[in-house]
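Architecture and fold: a report
If you want the building blocks of each chain, they are given just below.
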Amino acid sequence: MDNVMKILSVDLGVARTGLAVCDSAERLASPVGTITQRDREILMKQVAAKAEELQVKALVVGHPRNMDGTRGDSARQAEEFAARLREKTGLPVTLWDERLTTVSAIGYLNQTDTRGKKRKQVVDTVSAVIILQDYLDSRRRGQ
């Protein structure tokens with residue numbers, strides 16, 4: 001594949017936002033962690049700083065569309081966040097359909113018997129990994 005690069009994914013939440021990054025060969029998404037921040041302006045600065053620290057060349061923001069494909073408040077907030085992040089970083093930002101990623105993340109955490117407080121701390125990061133891996137797999141398939 002031409003033009004492979006390191007990419008950061010963002011699973012935007014109300015209180016917690018999960019982050020994941022891929023290797024420069026775009027093969028494997030790995031967790032970066034969770035930012036606990038409700039203020040979107042501060043959160044955007046923190047995500048931009050993490051993108052710079054990790055020297056990523058692009059960002060993927062989870063796009064939480066409704067199951068019927070329509071856009072609700074969360075999708076519009078993700079769109080606004082992605083646009084502002086693009087302005088702040090100067091990097092390309094892709095919105096990626098994240099329907100069912102939280103369900104998948106919860107399934108993984110059930111399989112690993114991750115419960116309680118630990119589960120709350122990692123579910124957003126696991127979701128960010130799933131979003132990014134799905135995006136990478138799609139790029140490899142040429143979709």
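Please read these numbers as outputs of a predicted model, since none were measured by experiment. (Residues numbered from 1 in each chain as written. Predicted model: local features only at pLDDT ≥ 70, side-chain atom pairs only at ≥ 80, totals over all residues. Heavy atoms only, no water.)

Section: the packing of aromatic side chains
The final tally for this structure, using the stated rule, is 1 aromatic pair. A ring pair is formed by Trp 96 and Tyr 135, whose centres lie 5.1 Å apart and whose planes are at 80°; its orientation type is edge-to-face. Of the two residues, Trp 96 sits in strand 5 (residues 93-97) while Tyr 135 sits in helix 4 (residues 116-141), which places them 39 residues apart along the sequence. For Tyr 135, a relative accessible area of 10% translates into the label buried. (Phe/Tyr/Trp six-rings, centres within 6.5 Å; stacked < 30°, edge-to-face > 60°. Helix = DSSP H or I, 4+ residues; strand = E, 2+ residues; numbered from the N terminus. Buried < 20%, exposed > 50% of the residue type's maximum accessible area, 1.4 Å probe, protein only.)

Re the sheet that holds strand 2 (residues 16-22)
Strand order in the open sheet made by the 5 strands is 3-2-1-4-5, with mixed pairing throughout. A single partner strand is all that each edge strand has here, and the edge strands are strand 3 (29-36) and strand 5. Adjacent strand axes in the sheet meet at a mean angle of 25° when their direction is disregarded. Both strand 1 (residues 7-11) and strand 4 (residues 58-63) contribute to a ladder of 4 bridges, which runs parallel. Bridging from a neighbouring strand, Ile 7 pairs with Ala 58 of strand 4. Contacts between helix 1 (residues 40-54) and the sheet are confined to strand 1, strand 2, strand 3 and strand 4, with strand 3 contributing the most and set at about 150° to the helix. Sitting on the sheet, helix 2 (residues 73-89) touches strand 1, strand 4 and strand 5, and the angle it makes with strand 4 is about 170°. (Pairing = 2+ DSSP bridges. Axes fitted to C-alpha atoms, helices over the stretch in contact; angles between N-to-C directions. Contact = heavy atoms within 4.5 Å.)

Some points on the environment of Arg 140
Residue position: Arg 140 is located in helix 4. In this structure the C-alpha to C-alpha distance between Arg 140 and Arg 27, which are 113 residues apart in sequence, comes to 8.8 Å.

What about helix 2?
For helix 2, spanning 17 residues, the distance from its first C-alpha to its last is 24 Å, which sits close to the expected 24 Å at 1.5 Å a residue. All buried positions along helix 2 are accounted for by Ala 75, Ala 78, Phe 81, Ala 82 and Leu 85. Looking straight down helix 2, one finds that the buried residues subtend no more than 120° of arc, so they occupy a single side. Residues of helix 2 that are exposed and point over 90 degrees away from its buried face: Asp 73, Glu 80 and Glu 87. Tucked into the core, helix 2 has its buried residues touching strand 1, helix 1, strand 4 and strand 5. Just downstream of helix 2 lies Gly 90, where phi reads positive at about 75°. (Expected span 1.5 Å × (residues − 1). Arc of directions from axis to C-beta.)

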